[in-house]
Amino acid sequence: MESPDRCDSTMEDDYDVRQWDTREDCEVRQILDRIADKWSLLVIALLDCQSLRFTQLRREIDGVSQRMLSVTLRQLERDGLVTRTVHPVVPPRVDYALTPLGRTLHQTIKTLVTWTEEHQQEIAAARAAYDERREMMES
C-alpha cells in the first residue's frame, strides 16, 4: 500500500520542480535565491504592517552590515517587493515599506515560519539521531 504522504500523480497540478533550474539565467531560480536569502526574509518580516527607516532596520537585524542591508533593500526594491521613500528634510530621511506584492510574499514567509515553529522539535530529534548515527559509523 502506498504511503498517504506521497504525492498523488493523478492530481491536476501545474507545479513543476524543474522550474527551479539551477542555470544562472533561470528567472525562477534567481527570484527564489533573492527571496530565500536570510537578509531578505528578515527585511520582509520586519516591514510587515509598518515602514521603517534604514537605521531602524539595521538595528533590528542582528549581524547585517550597512553594505549588505543596502544591497538587500536595493534588490528587493528592484524586484518590486519594497518601496523606498525619500523625505526632503535635513538630514535626509528614507523609509522602506512593503509593496502590495511584498505583502503577499510576507504571508508565504509567515506560513513557512509557522511550519518551522510547529516542527522544530521533530527536526531537532532527526538531527540528533543523524549525528548519533554518523558518530557511530565514524568510530
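Residues numbered from 1 in each chain as written. Predicted model: local features only at pLDDT ≥ 70, side-chain atom pairs only at ≥ 80, totals over all residues. Heavy atoms only, no water.

S.K.: Explanation requested: the nonpolar core in the structure shown.
M.R.: What tends to happen in soluble globular proteins is that the nonpolar side chains get buried as a cluster. Of all hydrophobic cores here, the largest spans 20 residues; its most connected members are V43, L47, L57, L69, L73, V82 and Y96. Elements represented by at least two residues in this core include exactly α2 (38-46), α3 (54-60), α4 (66-78), β3 (93-98) and α5 (100-138). Leaving out residues up to four positions away in the same chain, L69 has contacts with V43, F54, L57, R58, I61 and V64. (Core = buried A, V, L, I, M, F, W, Y, C linked by side-chain atoms within 4.5 Å. Buried < 20%, exposed > 50% of the residue type's maximum accessible area, 1.4 Å probe, protein only. Helix = DSSP H or I, 4+ residues; strand = E, 2+ residues; numbered from the N terminus. Contact = heavy atoms within 4.5 Å.)

S.K.: Would you mind showing me how to read the side chain of T99 here?
M.R.: Looking at the element boundaries, T99 is found in the loop between β3 and α5. For T99, a relative accessible area of 10% corresponds to the buried category.

S.K.: Quick question: what am I supposed to make of α2 here?
M.R.: It helps to recall that an α-helix has 3.6 residues per turn; residues three or four apart then point in one direction. For α2, the set of buried residues is W39, S40, V43 and I44. Projected down its long axis, α2 shows its buried positions confined to an angular sector of 130°, all on one face. Buried positions along α2 lie against α1 (27-35), α4, β3 and α5. Here α2 starts with a cap whose side-chain oxygen sits 2.9 Å from the backbone nitrogen of W39, and that cap is D37. (Arc of directions from axis to C-beta. Polar contact = N/O pair within 3.5 Å; in protein donor to acceptor, adjacent residues only side chain to side chain.)

S.K.: Before we go on, may I ask you to explain the pattern of salt bridges in this structure?
M.R.: Should the charged atoms of two oppositely charged side chains come close, the side chains can pair. If you walk through the whole model with that rule in mind, you get 4 salt bridges. R93 is the salt-bridge partner of D95, the closest N and O atoms lying 2.7 Å from each other. Exposure remark for D95: the relative accessible area of 10% places this residue in the buried category. (Salt bridge = Lys/Arg side-chain N within 4 Å of Asp/Glu carboxyl O.)

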